[in-house]
Amino acid sequence: MVDGAVGRDPPGVQIIVQLDAALAQAARGGRPEARALLEVAAAHRCALRPVHPTVDAPPLSTYFTARVSAAELEGALAALRDVAGVRAAYAKPEDSPA
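Okay, so let's go over this structure. Along each chain, residues carry numbers from 1 onward, in the same order as the chain's sequence is written. Since the coordinates come from a predicted model, pLDDT governs what is reported: local features require at least 70, and pairs of side-chain atoms require 80 or more to be given and counted, while whole-chain, interface and lining totals use all residues. The basis for every side-chain value is the complete set of non-hydrogen atoms in the structure, without hydrogens or water.

Things to note about the nonpolar core
What counts here: Residues belong to a common nonpolar core when they are buried Ala, Val, Leu, Ile, Met, Phe, Trp, Tyr or Cys residues joined through side-chain atoms within 4.5 Å. Type-normalised accessible area, obtained with a 1.4 Å probe on protein chains alone, sets the label of each residue: buried when under 20%, exposed when over 50%, and partly exposed for intermediate values. Only DSSP runs of H or I with at least four residues qualify as helices, and only runs of E with at least two residues qualify as strands; both kinds are numbered from the N terminus onward. Contacts were defined at the residue level, with two residues in contact if any of their heavy atoms lie within 4.5 Å.
Of all hydrophobic cores here, the largest spans 25 residues; its most connected members are I15, V17, L19, L37 and V86. Residue assignment for this core shows that the elements contributing at least two residues are β1 (13-19), α1 (21-29), α2 (35-43), β3 (63-68), α3 (73-81) and β4 (86-91). Counting residues per element, this core draws most heavily on α3, which supplies five residues. Residue contacts for V17: discarding those within four places in its chain leaves L48, T62, Y63, F64, L80, V86, A88 and A89.

Details of the pairing of β1
Put simply, the rule reads: Pairing between strands is defined by DSSP: at least two bridges between them are needed.
By the criterion of burial, β1 is predominantly enclosed, with five of the seven residues buried. In this structure, β1 lies alongside β3, joined through six bridges in antiparallel fashion. Each residue of the ladder has a partner; that of V17, found in β3, is F64. With five bridges connecting them, β1 and β4 associate as antiparallel partners. When the bridges of β4 are listed, I15 appears paired with A91.

Comments concerning the environment of A34
The topology assignment puts A34 in the loop between α1 and α2. Residues A34 and V83 lie 49 residues apart in sequence; the distance between their C-alpha atoms is 9.6 Å.

With respect to the sheet that holds β4
For clarity, the cut-off: Axis geometry follows a simple rule: fit a line to the C-alpha atoms, using only the stretch in contact for helices, then measure angles between N-to-C directions, giving values from 0 to 180 degrees.
Reading across the sheet, the four strands line up as β2-β3-β1-β4 and stay open at both edges, with antiparallel pairing between neighbours. Edge strands, defined here as strands with exactly one partner in the open sheet, are β2 (49-50) and β4. Running over the sheet, α1 touches β1, β2, β3 and β4 and is turned about 120° from β1.

Some details on unusual backbone geometry
Omega for the bond connecting P58 with P59 falls within 30 degrees of zero, at 5°, which places this linkage in the cis form. Locating P59 in the fold gives a position in the loop between β2 and β3.

Written as structure tokens, this is what we have:
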């Protein structure tokens, strides 16, 4: 599912997913072309959210984020990478202390 809600992040590991422009547009609009992506996200209990929800133009509109449990991380990333139109899926590195 694509979640447009802004607020507190749930627990887990943050992942970043970059989509091609067509899939990103479909995911943002909840269109059928994004079904495989949304099914993979649901299977791994994560909700994809646009990193830049107010930007409609690539490249910024193609980045999504989600949180997954540490136990689901590797499986979720591998499954996302297998979806046609996914350019990248990776765990966001931890922020370093200032």
